[in-house]
Amino acid sequence: MTLSIRSATPADLPLIAGFIRDLAEYEKLSHEVRFDEARLGENLFGARPYAEVVIGEIDGAPQGFALFFHNFSTFEGRPGIYLEDLFVRPEARGSGLGKALLAHLAKLCVERDYARLEWWVLDWNAPSIGFYLGLGAKPMDEWTVMRVDGEALTRLASQ
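In this text the structure is predicted, and so the values were computed from the model without any measurement. (Residues numbered from 1 in each chain as written. Predicted model: local features only at pLDDT ≥ 70, side-chain atom pairs only at ≥ 80, totals over all residues. Heavy atoms only, no water.)

Draft legend 1. Local environment of the overall build of the chain. The number of helices and strands found in the chain is five helices and five strands. For the chain, the sequential pattern of α-helices and β-strands runs β-α-α-β-β-β-α-β-α-α. Computed over the C-alpha atoms, the radius of gyration of the chain is 16 Å, within 12% of the 15 Å expected from 2.2 N^0.38 for a compact globule of 159 residues. Dimensions of the chain along its principal axes, counting C-alpha atoms only, are 55 × 35 × 35 Å. Nonlocal contacts in the chain, meaning residues at least 24 apart in sequence, comprise 58% of its contacts between residues at least 6 apart. Of the accessible surface of the chain, which amounts to about 10,400 Å², a share of 55% is contributed by carbon and sulfur atoms. Computed over 16 positive and 23 negative side-chain charges, the inter-centroid distance for the chain is 2 Å. (Helix = DSSP H or I, 4+ residues; strand = E, 2+ residues; numbered from the N terminus. Rg over C-alpha atoms; globule rule 2.2 N^0.38 Å. Contact = heavy atoms within 4.5 Å. Areas by Shrake-Rupley, 256 points an atom, 1.4 Å probe, with all protein chains shown as cover. Lys, Arg positive; Asp, Glu negative; His and termini not counted. Charge placed at Lys NZ, Arg CZ, Asp CG, Glu CD.)

Following this line, the structure appears as structure tokens:
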């Protein structure tokens with residue numbers, strides 16, 4: 001079995017869209033998937049890309065992906081990587097592909113002199129939490145995630 005990680009290309013857009021839908025189904029959030037594939041492609045591969053994607057393959061077959069973008073630590077004075085989505089198909093779990101995807105992002109952080117790699121995980125996802133803890137990740141329990149979107153975002157913007 002050969003694991004490989006490669007940067008996504010515009011030709012991978014249908015694959016990426018499928019991975020996003022599969023992840024949403026796993027997380028019981030399919031009802032929240034609203035993206036337009038063309039707009040997703042523009043935001044990933046257009047004139048000003050807002051995120052990067054890597055594809056994880058086993059024996060040349062795509063089995064997972066990681067979608068990430070830059071964040072910034074004012075305390076460190078350096079950027080980092082925020083991992084928005086990590087997904088490995090159920091039949092490929094246990095192959096080491098998830099760890100390989102995270103290791104690839106960690107290597108990017110080191111190569112680019114970034115301060116950190118971070119992400120969120122759903123509280124109920126015990127298998128993933130255990131996996132991440134085993135890699136040396138630490139929970140940021142003292143922080144509360146806040147979000148403004150939809151109508152609340154529109155209201156705030158009009159003030």
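Structure shown, so let's carry the discussion forward.
Draft legend 2. Seen up close, the sheet that holds strand 1 (residues 3-7). Taken in spatial order, the five strands line up as 1-2-3-4-5 in an open sheet, and their pairing is mixed. At either end of the open sheet lies a strand with only one pairing partner, and these are strand 1 and strand 5 (117-119). For this sheet, the mean inter-axis angle between neighbouring strands, taken without regard to orientation, is 30 degrees. When strand 4 (residues 78-88) meets strand 5, the two strands line up parallel, connected through three bridges. (Pairing = 2+ DSSP bridges. Axes fitted to C-alpha atoms, helices over the stretch in contact; angles between N-to-C directions.)

Draft legend 3. Spatial organisation of the nonpolar core. In terms of nonpolar packing, the biggest core is built from 17 residues, with Ala66, Leu86, Leu101 and Leu105 touching the most fellow members. Put simply, the parts of the chain that give this core at least two residues each are strand 2 (52-58), strand 3 (61-73), strand 4 and helix 3 (97-111). Sort the elements by how many residues they give to this core and helix 3 lands first, with six residues. Excluding residues that lie within four positions of it along the chain, Leu105 makes contacts with Val54, Ala66, Phe68, Ile81, Leu83 and Leu117. Listed in part, the 15 residues of the second largest apolar core include Leu23, Leu40, Ile55 and Phe65. (Core = buried A, V, L, I, M, F, W, Y, C linked by side-chain atoms within 4.5 Å. Buried < 20%, exposed > 50% of the residue type's maximum accessible area, 1.4 Å probe, protein only.)

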